[in-house]
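# Report on the structure
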Amino acid sequence: MKSKIILFAIAAISLNSCSTKKDAVAKSTADVTKYVNSISADELKTHLYVVASDEMEGRETGSKGQKKAGQYLIEAYKNNGISFPKGATDYYQRVPAEFMNKEHGEKLEDSENIWAFIEGSEKPEEILVVSAHYDHVGMKNGEIYNGADDDGSGTVALLEIAQAFQQAKNDGFGPKRSILFLHVTGEEHGLHGSRYYTEHPLFPLSKTVADINIDMIGRRDDLHKDSNNYVYLIGSDYLSTDLFKACEEANKKYVDIKLDYKYNDRNDPNRFYYRSDHYNFAKHNIPSVFLFNGVHADYHQPSDEVDKIEFGALAKRTKLAFAIAWELANRKDRPVVDKSGN
């Protein structure tokens, strides 16, 4: 009789353990969905109407308008309780004019990358970078090129992604790896800010597990006239099968948007893979993915204005970027580099 009681107790404990594990998995999934859904079209709109306003004068690299936009980003991070990175003295990584001008003989002013940081709970030394450029092309012939899509959309996406991760951390679900939110300067003049960071990294590149780069995610292109439920992914499988799988899995679990790989073709004449800031990370064998909505008639025109942004699409693509970041920040192992990148 006693042995039967013991066996019954063991079975009950086993069943309870299984139930607890299932509950934990369910709770974890529910929590991720909560943070994905915390990303708001209305908040993105509020930020973008400031970042891409006439007051910023087109955010030319090193200009007063760009610096004002940078101050807005910093205040947004402060308001969400997100600090600058460990090892830095403030939210700025200074990028000297000399560094930027030596490449093409331009006359740019000193500028800054803006960075913010959420420290990982289990592997804080491993760094995931989420990047977007916050410069644009400034003013020409008295007209302001506000760059709402390019790349105001990516700039404000970073603010929402960081806010979602900080909310998770406040709830006790902070990322296992550290996340560096990096707003880079000088992209329009030759990817200068991201090049400067990768040549002067705050954290060792050997400890940088991936870069998620967001550049233009607020509109649709002519190839998707009937629907904005898509995003181009570029480069996810160039260096790492793991990164490709993480992107696919994150989308299936949390977002369900069409992943379009048209511009992932290495023979594509647009060569978008080489034209945004992820490339400076990929050059150093850091697995990188670029989220992009394709070009449109307002690209690099003064007509790239906030009132043309499709905020539902912007929110959904931002959610995907967050979901990919969540996967990469919390997986047991960092993405393995198993491909040449070519």
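A short tour of the structure in this document, coming up. (Residues numbered from 1 in each chain as written. Predicted model: local features only at pLDDT ≥ 70, side-chain atom pairs only at ≥ 80, totals over all residues. Heavy atoms only, no water.)

### Topic: the layout of surface pockets
The test is simple: Here a cavity denotes a set of grid points, spaced 1 Å apart and computed over the protein atoms alone, in which a 1.4 Å probe fits but from which it cannot get out, and a pocket denotes an open set meeting protein on both sides within 12 Å along at least five of seven lines; residues with an atom within 4 Å of a point are reported as lining. Grid points are joined across faces, edges and corners, and a volume is the space filled by probe spheres set on the points. Think of it as three bins: nonpolar holds Ala, Val, Leu, Ile, Met, Phe, Trp, Tyr, Cys and Pro, charged holds Asp, Glu, Lys and Arg, and polar takes everything else, Gly as well.
Put simply, the second largest pocket is a space of about 180 Å³. Asp150, Glu187, Asp215, Arg275 and Tyr299 are the residues nearest the centre of the second largest pocket, which is lined by 14 residues in total. Considering only residue class, the lining of the second largest pocket consists of 6 nonpolar, 3 polar and 5 charged.

### Considerations on the environment of Val36
Note the threshold: Strands here are runs of E lasting at least two residues and helices are runs of H or I lasting at least four, both read from the DSSP assignment and numbered beginning at the N terminus. Residue contacts are defined here by distance: any two heavy atoms, one from each residue, within 4.5 Å place the two residues in contact.
Looking at the element boundaries, Val36 is found in helix H1 (residues 2–37). For Val36 and Lys316, which are 280 residues apart along the polypeptide, the C-alpha to C-alpha distance reads 9.2 Å. For Val36, the contacting residues outside a window of four places in its chain are Tyr254, Lys319 and Phe322.

### Observations regarding the pattern of salt bridges
We apply this condition: Salt bridge, as used here, is a side-chain nitrogen of Lys or Arg placed within 4 Å of a carboxyl oxygen of Asp or Glu. Burial classification: accessible surface area is computed with a 1.4 Å probe over protein chains only, and a residue below 20% of its type maximum counts as buried, one above 50% as exposed, and the rest as partly exposed.
Following the criterion strictly, the structure yields 14 salt bridges and no others. Where Asp171 meets Lys34, a salt bridge forms, and the shortest distance between an N and an O atom there is 2.9 Å. Taken as a pair, Asp171 in the loop between helix H5 (148–170) and strand S6 (177–184) and Lys34 in helix H1 lie far apart in primary sequence, 137 residues in all. Taking the relative accessible area as the measure of exposure, Lys34 reaches 41% and is therefore partly exposed. Taking the shortest distance from any N to any O, the salt bridge between Glu249 and Arg331 comes out at 2.3 Å. In this pair, Glu249 sits in helix H7 (residues 241–255) while Arg331 sits in the segment after helix H9 (311–330), placing the two residues 82 residues apart along the sequence. In this structure, a network of salt bridges that share partners links the residues Glu249, Lys253, Glu327 and Arg331.

### Regarding unusual backbone geometry
What you tend to see is this: most non-glycine residues have negative phi, and most peptide bonds are trans. Residues Asp150 and Asp151 are joined by a peptide bond in cis, for which omega reads -10 degrees. With respect to the secondary-structure elements, Asp151 resides in helix H5. A positive phi is found at Arg271, a non-glycine position, where the angle reads about 55 degrees. Accessibility expressed as a relative area gives 46% for Arg271, which makes it partly exposed. With a phi angle near 60 degrees, Asn285 is a residue other than glycine that sits in the positive phi range. With respect to the helices and strands, the residue Asn285 is situated in the loop between helix H8 (278–282) and strand S10 (288–292).

### Notes on the packing of aromatic side chains
In this description, an aromatic ring pair is defined by two values, namely the gap between the centres and the angle between the planes. As a reminder, the rule being used: When two rings of Phe, Tyr or Trp (its six-membered ring) have centres within 6.5 Å they constitute a pair, described as stacked for plane angles under 30 degrees, edge-to-face for angles over 60, and tilted for the intermediate range.
Following the criterion strictly, the structure yields 21 aromatic pairs and no others. Summarising the aromatic geometry, the rings of Phe99 and Tyr196 are spaced 4.8 Å apart at their centres and angled 85 degrees between planes, so their arrangement reads as edge-to-face. In this pair, Phe99 sits in helix H4 (residues 97–104) while Tyr196 sits in helix H6 (residues 192–199), placing the two residues 97 residues apart along the sequence. The exposure class assigned to Phe99 is buried, which follows from its relative accessible area of 7%.

Read these as geometric descriptors, not functional statements.
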